[in-house]
Amino acid sequence: ILNVEQSPQSLHVQEGDSTNFTCSFPSSNFYALHWYRWETAKSPEALFVMTLNGDEKKKGRISATLNTKEGYSYLYIKGSQPEDSATYLCAFPSVNNAGNMLTFGGGTRLMVKP
Amino acid sequence: SAVISQKPSRDICQRGTSLTIQCQVDSQVTMMFWYRQQPGQSLTLIATANQGSEATYESGFVIDKFPISRPNLTFSTLTVSNMSPEDSSIYLCSVGYQGVSTEAFFGQGTRLTVV
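Residues numbered from 1 in each chain as written. Chains lettered and ligands numbered in written order. Predicted model: local features only at pLDDT ≥ 70, side-chain atom pairs only at ≥ 80, totals over all residues. Heavy atoms only, no water.

**Description of the interface of chain A and chain B**
If you look at the interface, chain A gives 25 residues, while chain B gives 23 residues. In total, about 1900 Å² of surface goes out of reach between chain A and chain B, with carbon and sulfur atoms giving 61% of it. Summed over the shared surface of chain A and chain B, the result is 0 salt bridges. Inspection of the region where chain A meets chain B yields 6 residue pairs in polar contact (both at pLDDT 80 or more). (Contact = heavy atoms within 4.5 Å. Buried area = accessible area lost by both parts, 1.4 Å probe. Salt bridge = Lys/Arg side-chain N within 4 Å of Asp/Glu carboxyl O. Polar contact = N/O pair within 3.5 Å; in protein donor to acceptor, adjacent residues only side chain to side chain.)

**Quick look at the sheet that holds strand S7 (residues 62-67) of chain A**
Residue and element names in this part refer to chain A. A sheet is described by the order of its strands in space; here 5 strands give the open sequence S1-S3-S8-S7-S6, paired in antiparallel fashion. Each edge of the sheet is formed by a strand with only one pairing partner; in this case those strands are strand S1 (5-7) and strand S6 (56-59). Along the sheet, successive strands turn relative to each other by an average axial angle of 15°, direction set aside. Across 6 bridges, the pairing between S7 and strand S8 (residues 72-77) is antiparallel. Bridged to alanine 64 within S8 is leucine 75. (Pairing = 2+ DSSP bridges. Helix = DSSP H or I, 4+ residues; strand = E, 2+ residues; numbered from the N terminus. Axes fitted to C-alpha atoms, helices over the stretch in contact; angles between N-to-C directions.)

**Describing the state of the cysteines**
Residue and element names in this part refer to chain A. This model, assessed by the stated rule, comprises 2 disulfides over all chains. One disulfide bridge connects cysteine 23 with cysteine 90, the sulfur atoms lying 2.0 Å from each other. Here cysteine 23 and cysteine 90 share a disulfide; its torsion about the S-S bond, 80°, makes the bridge right-handed. Linking cysteine 23 in strand S3 (residues 19-24) with cysteine 90 in strand S9 (residues 86-93), this pair joins segments that are 67 residues apart in sequence. (Disulfide = S-S within 2.5 Å.)

**Considering the pattern of salt bridges**
Close approach of charged atoms allows side chains of opposite charge to pair. All names here are of chain A. Going through the model one piece at a time under the given rule, you end up with 4 salt bridges over all chains. A salt bridge links arginine 37 to glutamate 39; its shortest N-O distance comes to 3.0 Å. When its relative accessible area of 14% is taken as the criterion, arginine 37 is described as buried. Assessed through its relative accessible area of 24%, glutamate 39 is described here as partly exposed. A salt bridge links arginine 61 to aspartate 84; its shortest N-O distance comes to 2.8 Å. Taken together, the residues arginine 61 in the loop between S6 and S7 and aspartate 84 in the loop between S8 and S9 connect sequence positions 23 residues apart. Under the relative-accessibility criterion, arginine 61 is labelled partly exposed at 33%. (Buried < 20%, exposed > 50% of the residue type's maximum accessible area, 1.4 Å probe, protein only.)

**Remarks on the sheet that holds strand S1 (residues 4-7) of chain B**
Residues and elements named next belong to chain B. Spatial strand order, S1-S3-S8-S7: 4 strands in an open sheet with antiparallel pairing. Looking at which strands have only one partner, the edges of the open sheet turn out to be S1 and strand S7 (68-72). If you compare each strand with its neighbour and ignore which way they point, the axes differ by 15° on average.

**Focus: the layout of surface pockets**
In this structure, the largest pocket occupies an estimated 1400 Å³ of space. Around the largest pocket, the lining comprises 47 residues; the ones closest to its centre are B:Gln37, B:Gln41, B:Ser42, B:Leu43 and B:Thr44. Listed by contribution, the elements that provide at least two residues to the lining of the largest pocket are S1, S9, strand S10 (102-104) and strand S11 (108-113) of chain A together with strand S5 (44-49), strand S9 (89-96) and strand S11 (110-114) of chain B. Empty space within the second largest pocket amounts to approximately 150 Å³. Taken together, A:Ser43, A:Pro44, A:Glu45, A:Ala46, B:Ala2, B:Val3, B:Ile4, B:Glu103, B:Ala104, B:Phe105 and B:Phe106 make up the full set of residues lining the second largest pocket. Elements represented by at least two residues in the lining of the second largest pocket include exactly strand S5 (45-50) of chain A together with strand S10 (105-106) of chain B. For the lining of the second largest pocket, the residue count by class is 8 nonpolar, 1 polar and 2 charged. (1 Å grid on protein atoms, 1.4 Å probe; cavity = no way out; pocket = protein on both sides within 12 Å on 5 of 7 lines; lining within 4 Å. Points joined across faces, edges and corners; volume = space filled by probe spheres on them. Nonpolar A, V, L, I, M, F, W, Y, C, P; charged D, E, K, R; others polar.)

Written out as structure tokens, the structure reads:
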């Protein structure tokens, strides 16, 4: 059983604050790490798929880093906006022919107050 | 990419009854997956829906409780049978493509409450 953990479980920030959360995963047999954003009543949407140690990816105000040797990834949001309120999930894909069979962390629920 | 329509979006059901959740994909996909998120818990894989053969269930999930159909490459259903309050969860279908660096796509989820 893979152990994928996220912290914190929830986070309340004011509009304009920058924030970050953590995903830890097994450092052995690493292949990729996925980040998803899940708004209530909507489909989870992929933010990043990270594969290389030291990877840093950016999409607008959101960025992510990856350390495969120590088994963690950080997601950063710069200047949080109310529309950033969502649950952020990291997921560790399995390595077989079943496509993206994912083991998820518990998620970080972000609430941005105007 | 794939667009997935999942129905119903939510339901409130009596214990002992069954609910069937449907997922329709806008393109043919080989692999479809069903996940569950119980309150305060992680999204957990229930089973892989295989076209033309029985679903592959993860540890702790059985076919009698969660029968799955996959009649073609664009459609799947998950039934939650003989429901109890412990089945109150969000159920999510997903499609995936081979390759761990390929993102997955998801339905909108079904929020089930069993009373």
